[in-house]
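# Notes for the structure review
Here are the chains, one letter per residue:
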Amino acid sequence: MTAALPAALAQCERATRTLIARLAEAVVDPARPGRPSTSMLHGRGEEAFVLARLVADVQAAEILLQTAESLAEDAPQRRLARYAAAQVVRQFEAQLVVHGATWCDGAPVRLELSDDQRQALHEASDAAAVAALSPWLLEGGASAAASYQLSEDHEDIRVLFRDFADGQVAPLAEHIHRHDALIPEELIAAYGELGALGITIPPRYGGQFIDHRSMALATEELSRASLGAGGSVITRPEIASKALLKGGTEAQKKHWLPRIASGAEIVSIAVTEPNAGSDVASLRVQATPTEGGWLLNGEKTWCTFAGRASVMLVLARTGTPEDKAKGLTLFLVPKPATKAPDDDHAFQHEDGQGGVISGRAIPTVGYRGMHSFTVFFERWFVAADHQVGELGQGFALQMAGFAGGRIQTAARAVGVMEAALRSAVSYALERQVFGKALATLPLVRRKLVDMAARVALNRQMTYAVCDEMDEGGGHMEASLVKLLACRDAETVTREAMQLHGGMGYSEEYDVSRYWQDARVLSIFEGAEEVLAILVITRTLLRDHLAQQG
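These lines cover the structure that appears in this document, whether it is placed above or below. Computed from a predicted model, the values in this text were never measured in an experiment. (Residues numbered from 1 in each chain as written. Predicted model: local features only at pLDDT ≥ 70, side-chain atom pairs only at ≥ 80, totals over all residues. Heavy atoms only, no water.)

## What to know about the overall build of the protein chain
- Helix and strand counts for the protein chain come out as 17 helices and eleven strands.
- Here the C-alpha radius of gyration of the protein chain, 24 Å, is about what a compact globule of 549 residues would show, namely 24 Å.
- The principal-axis extent of the C-alpha atoms belonging to the protein chain is close to 75 × 60 × 40 Å.
- Residues classed as buried in the protein chain amount to 58% of the 549 residues present.
- Residue pairs at least 24 apart in sequence account for 75% of intrachain contacts in the protein chain once pairs closer than 6 positions are excluded.
- Taken as a whole, the protein chain presents about 21,900 Å² of accessible surface, with 51% of it coming from carbon and sulfur.
- Across the protein chain, the 53 positively charged side chains and the 68 negatively charged ones have centroids separated by 3 Å. (Helix = DSSP H or I, 4+ residues; strand = E, 2+ residues; numbered from the N terminus. Rg over C-alpha atoms; globule rule 2.2 N^0.38 Å. Buried < 20%, exposed > 50% of the residue type's maximum accessible area, 1.4 Å probe, protein only. Contact = heavy atoms within 4.5 Å. Areas by Shrake-Rupley, 256 points an atom, 1.4 Å probe, with all protein chains shown as cover. Lys, Arg positive; Asp, Glu negative; His and termini not counted. Charge placed at Lys NZ, Arg CZ, Asp CG, Glu CD.)

## With respect to the packing of helix α1 (residues 4–27) against helix α17 (residues 528–548)
- Close contact between α1 and α17 brings their axes to 9 Å; oriented N to C, the two are set at 90 degrees. By the angle class used here, α1 and α17 are roughly perpendicular. Every residue of α17 that contacts α1 at Ile20, Ala21, Leu23, Ala24 and Val27 is listed here: Thr537, Leu540, Leu541, His544 and Leu545.
- Of the residues assigned to the contact of α1 with α17, the class counts are eight nonpolar, two polar and no charged. (Axes fitted to C-alpha atoms, helices over the stretch in contact; angles between N-to-C directions. Parallel < 35°, antiparallel > 145°, perpendicular 65-115°, else oblique. Nonpolar A, V, L, I, M, F, W, Y, C, P; charged D, E, K, R; others polar.)

## Overview of the pattern of salt bridges
- Tallied over the full model, the rule gives 31 salt bridges.
- The salt bridge involving glutamate 174 is made with arginine 178; its shortest N-O contact spans 2.8 Å. Here arginine 178 and glutamate 174 lie together in helix α7 (residues 152–179), a separation of four residues that amounts to about one turn.
- What you see here is one network of salt bridges that share partners, running through Glu155, Arg158, Asp166, Glu221 and Arg224. (Salt bridge = Lys/Arg side-chain N within 4 Å of Asp/Glu carboxyl O.)

## Some words on helix α6 (residues 127–138)
- Here α6 is twelve residues long and its end C-alpha atoms lie 16 Å apart, about the 16 Å a rise of 1.5 Å per residue gives.
- Taken as a whole, α6 has its buried residues at Ala129, Val130, Leu133, Ser134, Leu137 and Leu138. Summarising the axial view, the buried residues of α6 lie within an arc of 135 degrees, below the 170-degree limit, and thus occupy one face.
- The inward-facing, buried residues of α6 abut α4 (76–99), α5 (115–125), α12 (394–430) and α13 (442–470).
- Capping the start of α6 is the job of one residue whose side-chain oxygen sits 3.2 Å from the backbone nitrogen of alanine 128: aspartate 126. (Expected span 1.5 Å × (residues − 1). Arc of directions from axis to C-beta. Polar contact = N/O pair within 3.5 Å; in protein donor to acceptor, adjacent residues only side chain to side chain.)

## Quick look at the packing of aromatic side chains
- Scanning all chains against the criterion turns up five aromatic pairs.
- Geometrically, the ring pair formed by phenylalanine 164 and tyrosine 191 is tilted, given 5.4 Å between the ring centres and 50 degrees between the ring planes. Taken together, the residues span a long stretch of sequence, with phenylalanine 164 in helix α7 and tyrosine 191 in helix α8 (residues 185–194) at a distance of 27 residues. Tyrosine 191 shares its class with phenylalanine 164; the two are buried.
- The residue whose ring lies beneath lysine 335 is phenylalanine 347, and the NZ or CZ to ring-centre distance is 4.6 Å. (Phe/Tyr/Trp six-rings, centres within 6.5 Å; stacked < 30°, edge-to-face > 60°. Lys NZ or Arg CZ within 6 Å of the ring centre and 35° of its normal.)

## Observations concerning unusual backbone geometry
- Of note, the phi angle at aspartate 105 is positive, near 65 degrees, even though the residue is not glycine.
- By secondary structure assignment, the location of aspartate 105 is in the loop between α4 and α5.

## Details of the pairing of strand β5 (residues 328–334)
- Here β5 lies mainly inside the structure; six of its seven residues are buried.
- Pairing between strand β4 (residues 311–317) and β5: seven bridges, direction antiparallel. Paired with leucine 313 across the strands is leucine 332, a residue of β5.
- Across two bridges, β5 lies against strand β9 (residues 387–388) in antiparallel orientation. What sits directly across from phenylalanine 331, in β9, is glutamine 387. (Pairing = 2+ DSSP bridges.)

## Structural notes on the nonpolar core
- Ranked by size, the top nonpolar core spans 131 residues in total, and within it Leu23, Tyr191 and Leu448 carry the most contacts.
- Not counting residues up to four positions away in its chain, the partners in contact with tyrosine 191 are Phe164, Val169, Ala196, Leu197, Leu222, Ala229, Gly230 and Val233.
- Residues Ala243, Trp256, Ala261 and Leu328 belong to the second largest nonpolar core, which totals 24 residues. (Core = buried A, V, L, I, M, F, W, Y, C linked by side-chain atoms within 4.5 Å.)

## Here we look at the environment of tryptophan 380
- Looking at the element boundaries, tryptophan 380 is found in strand β8 (residues 372–383).
- As for tryptophan 380 and alanine 287, which are separated by 93 residues in sequence, their C-alpha atoms are 9.3 Å apart.

## So, the side chain of glutamate 528
- Position of glutamate 528 relative to the elements: it lies in helix α17.
- Overall, glutamate 528 belongs to the buried group, its relative accessible area being 7%.
- Once residues within four sequence positions are removed from consideration, glutamate 528 is found in contact with Phe49, Leu483, Arg487 and Ser522.

Written as structure tokens, this is what we have:
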């Protein structure tokens, strides 16, 4: 039976190739053979969305199984990997029943699982499997869904950020969330001293970058303590540094990167506009040439940390609307910082040359600690040497930053899931129902193991993609794991909240915060619909059509 489960997953992978081929044939552009038509792909949006999720699930299960393969057959981590893989195959088959029967109006797509494969699925995920996993999970201690095969150096990094998260972030997390407060200056300074703000910046520019897995470990541990005041604090420096490293001049790198790494400069990212969210090519904020630089005019929204920020990375139009993405340029835009405990929900500053920048915080249901602002530029002056990259290169530079942001967001989602799982395990052990601990009930145990399986799938895929990114690849895979982890974070936090019953809906337990925070993950760094259809599936279709010649 050892090979039966991987063989069942291999069948799922073959089925995804069939689904890709069918969809590619259905949406190939008549005017450009070998290329998918975007409008036709939108017409098949439901199939495209399902396909992206199926591909992500199968890849995650294959990675997890392979990672656990070297462990002893009865090791709990290996049992959990087999459980997770079995559940992926079962869910894959269920999706084919719903969607595969009429996929692109063709013949049904089905798995042809052998008796041995079905027996392997049953043994890996039946009640006995849950019973075998439950004691290990319930006694998990420091980690409810353990990592697999971390090096000694990576474990040291995880412990460093775990201790910081538990000691300095977690005690502030609930207060920040309940009072919609800004991260205190003392914590920002501590992030700088720890090196968290420079974890994606090379040492030659004052940073502490080692590899992408180290970044993911730091993000995960900080997000476990708080999404808004923890893991997300290092996202904006990461996006800005990636853009600078790719397109900035040497002088810009030497000036800005050490200051970002130390926390001397706090960054906000200004891309989204009220009428241009995921459609970045339709941005309208205008940069007009003037003596010595540029004048910015227009409105940006969802600019996280914009009040506290001392510099904003702004994507603005330097060409005409007809130029679309080719008419966008990236700018570093300095501004005065509004620090706590001043009025941190609104700001307005003048540049001394007739220009004004102002902002107001957007009330949100969660993800608190930095505030997300709508920002208005009125003839705000930006010096010529603050342009990043060549004219018209802004879109490409911004997308390079977002690729790193997506893998970091997957790590953030894993951290939130881990926090929710730990809370659920702890509460299930404490809560008495009908004279027994909640954790003794078979359904509760099944739920907890399901949650641990999703954490393990996403964690190991995140680490694997980080390793690919170290080799210069992994951008497509970063989108896949971002899609997977962010939706799974909603499911895991929802189940944790459910297991808390009425107390989960109260604000007496942290679990309600995890659920509120998790909801934003599928929206930012690429809304899941756009990510699934226009990034993941379109890329899969392009690759398939290119191979067909």
